[in-house]
Amino acid sequence: MEATKIFTESDREEQFLARIDAGEIIEPKDWMPEKYRKQLIRMMSQHAHSEIVGMLPEGNWITRAPSLARKASLIAKVQDEAGHGLYIYSATETLGIDRQELVDQFLHGKAKYSSIFNYPTLNWADIGAIGWLVDGAAIVNQTALAKCSYGPYARAMVRICKEENFHHKQGYQILAIMMQGSAEQRQMVQDAINRFWWPSLMMFGPSDTDSPNSAELMRWKVKLYSNDELRQRFIDRTVPQAEAIGIKLPDDKLKFNETTRHYDWGEINWDEFKQVVSGNGPCNKQRMKARKDAEVNGHWVREAASAYAAKHYN
Ligand code: 3HC
């Protein structure tokens, strides 16, 4: 009788890598290396935390939008971000971890969120800068993730990218209109870009040589491009947009390189990046307090929803 082949862990890993190399999509019920699952939980939950925290700097300006149309557009954007967070938490739960556990990790400082949301929004031009730069950077990153190897994450990105495009356009329009306004409005825009340009580049993570997770994530086709490749892609598409509306990006080294066909650019302040990521940014404490207060003040809503669900859906 033919001995049944006992698949060892390494056999399974070999088969898994063959599936990745063949461009197959991994689904929740498929076998996957524990490290693949853990890396996805880390990356996806941090993405979800970022979406929720990202509502805070923008939500700050809903009551101060300059017109009803701008208010409606900003409310829609902030609501979208909440939905993106919930969407990505749901996708993360397919990996066998409970959403509350993910949120607790965040609230106890055991999980990160994007550094970009630790900068203050000082005026209305900042809302344009966030839409244009931050959501623009997100689009570059998330369109790549929409082709990643983990099915639920890739599919979540497809819908999210459609909404990001609206976010990006409304932000760029805010700036374009202000750049046709008064000298004060043009100065307000330039000041916002001066403050948000470099932190937006930091959204793509440390340089490739300092990225401990990238090699593994790229082997598993979770990341299809490196941090620096995506950053370069964002710069290449954003510089012409800035020039089109008269914005000067705060980098004297920005210059189109006819040989590489990409923009050369200056050096990111990695000390600032490390400071913000480790909790010492301008608004880290404020953001964490807001999220902790929301967790406490929103407890009764979650309790009521669970009680209703238990009564009506079990
Ligand atoms: N802010 C905070 N932490 C950052 C960071 C940033 N901008 N960039 C990197 N880090 C952290 C990483 O989480 C990692 O720490 P960890 O191992 O403790 O988690 C460490 O710095 C080293 O970075 P790596 O490059 O090794 O980490 P990754 O391979 O995970 O790459 C990433 C970082 C590019 C952010 C990647 O995780 C990623 O693409 N995540 C999915 C997209 C995402 O999270 N975007 C955040 C913005 S959300 C957003 O854009 C909302 C939109 O609506 C505006």
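Refer to the structure presented above.
Here is what the cut-offs are and how they apply
Residues numbered from 1 in each chain as written. Predicted model: local features only at pLDDT ≥ 70, side-chain atom pairs only at ≥ 80, totals over all residues. Heavy atoms only, no water. Helix = DSSP H or I, 4+ residues; strand = E, 2+ residues; numbered from the N terminus. Buried < 20%, exposed > 50% of the residue type's maximum accessible area, 1.4 Å probe, protein only. Areas by Shrake-Rupley, 256 points an atom, 1.4 Å probe, with all protein chains shown as cover. Lys, Arg positive; Asp, Glu negative; His and termini not counted. Charge placed at Lys NZ, Arg CZ, Asp CG, Glu CD. Arc of directions from axis to C-beta. Contact = heavy atoms within 4.5 Å. Polar contact = N/O pair within 3.5 Å; in protein donor to acceptor, adjacent residues only side chain to side chain. Near = heavy atom within 4 Å. Phe/Tyr/Trp six-rings, centres within 6.5 Å; stacked < 30°, edge-to-face > 60°. Salt bridge = Lys/Arg side-chain N within 4 Å of Asp/Glu carboxyl O. 1 Å grid on protein atoms, 1.4 Å probe; cavity = no way out; pocket = protein on both sides within 12 Å on 5 of 7 lines; lining within 4 Å. Points joined across faces, edges and corners; volume = space filled by probe spheres on them. Nonpolar A, V, L, I, M, F, W, Y, C, P; charged D, E, K, R; others polar.

Attention now goes to the overall build of the protein chain. Summing up its helical and strand segments, the protein chain has 13 helices and two strands in all. Residue burial in the protein chain is summarised as follows: out of 314 residues, 48% are buried. Of the roughly 16,100 Å² that the protein chain leaves accessible, carbon and sulfur atoms contribute 57%. Positive and negative charge centroids in the protein chain, built from 40 and 41 side chains respectively, lie 4 Å apart.

So, about the environment of L74. Looking at where L74 falls in the secondary structure, it is placed in helix α4 (residues 68-93). Linking L74 and D30, residues 44 residues apart in sequence, is a C-alpha distance of 40 Å.

Here we take up helix α5 (residues 99-107). Listed as buried for α5 are L102, V103, F106 and L107. Mapping the buried residues of α5 onto a view down its axis gives an arc of 135°, with all of them on the same face. On its buried face, α5 sits against α2 (34-53), α4 and α12 (284-297). Looking at where α5 begins, the residue whose side-chain oxygen comes 3.0 Å from the main-chain nitrogen of Q100 is D98. Phi turns positive, to about 70°, at G109, one or two residues after α5.

What follows is about the site of the ligand. Neighbouring residues of the ligand: 33 residues in total, closest E81, K112, E164, S211 and K223. Between the ligand and N213 there is a distance of 2.9 Å, counted from an oxygen atom to a side-chain nitrogen or oxygen. Computed on the free molecule, the ligand has an accessible area of 1,000 Å², of which 89% lies beneath the protein chains in the complex. Contributions of two or more residues to the shell around the ligand are made by α2, α6 (124-145), α7 (151-179), α9 (214-219) and α11 (270-280). Among the elements that take part in the shell around the ligand, α2 stands out by supplying six residues, more than any other.

Further remarks concern the packing of aromatic side chains. Taken as a whole and assessed by the stated rule, the structure comprises 11 aromatic pairs. Relative to Y36, the ring of F16 lies with its centre 4.9 Å away and its plane at 70°, an arrangement referred to as edge-to-face. Separated by 20 residues along the polypeptide, F16 in helix α1 (residues 9-21) and Y36 in helix α2 bring together distant segments of the chain. The exposure class of Y36 is buried, given its relative accessible area of 0%. Taking the centre distance of 6.0 Å and the plane angle of 25° together, the rings of W197 and F234 count as stacked. Taken together, the positions of W197 in helix α8 (residues 183-202) and F234 in helix α10 (residues 227-244) put the pair 37 residues apart, joining distant regions of the chain. Assessed through its relative accessible area of 0%, W197 is described here as buried. The class for F234 is buried, based on a relative accessible area of 1%. Through pairs of rings, three or more aromatic residues link up here, namely F16, W31, Y36, Y150 and W220.

One pass over the full model with this rule turns up 19 salt bridges. A salt bridge links E34 to R37; its shortest N-O distance comes to 2.8 Å. With E34 and R37 both in helix α2, this residue pair falls three residues apart, about one helical turn. With relative accessibility at 37%, the residue E34 sits in the partly exposed group. Exposure remark for R37: the relative accessible area of 23% places this residue in the partly exposed category. Notably, a salt bridge pairs D293 with K289, separated by 2.5 Å at the nearest N-O pair. One end of the pair, D293, and the other, K289, are both in helix α12, four residues apart, so they sit about a helical turn from each other.

The space that makes up the largest pocket amounts to roughly 1,000 Å³. Around the largest pocket, the lining comprises 43 residues; the ones closest to its centre are Q46, S114, N141, M203 and G205. Mapped onto the lining of the largest pocket, the elements with two or more residues apiece are α2, α4, α6, α7, α10 and α11. The element contributing the most residues to the lining of the largest pocket is α6, with nine residues. Within the lining of the largest pocket, the residues separate by chemical class into 22 nonpolar, 12 polar and nine charged.

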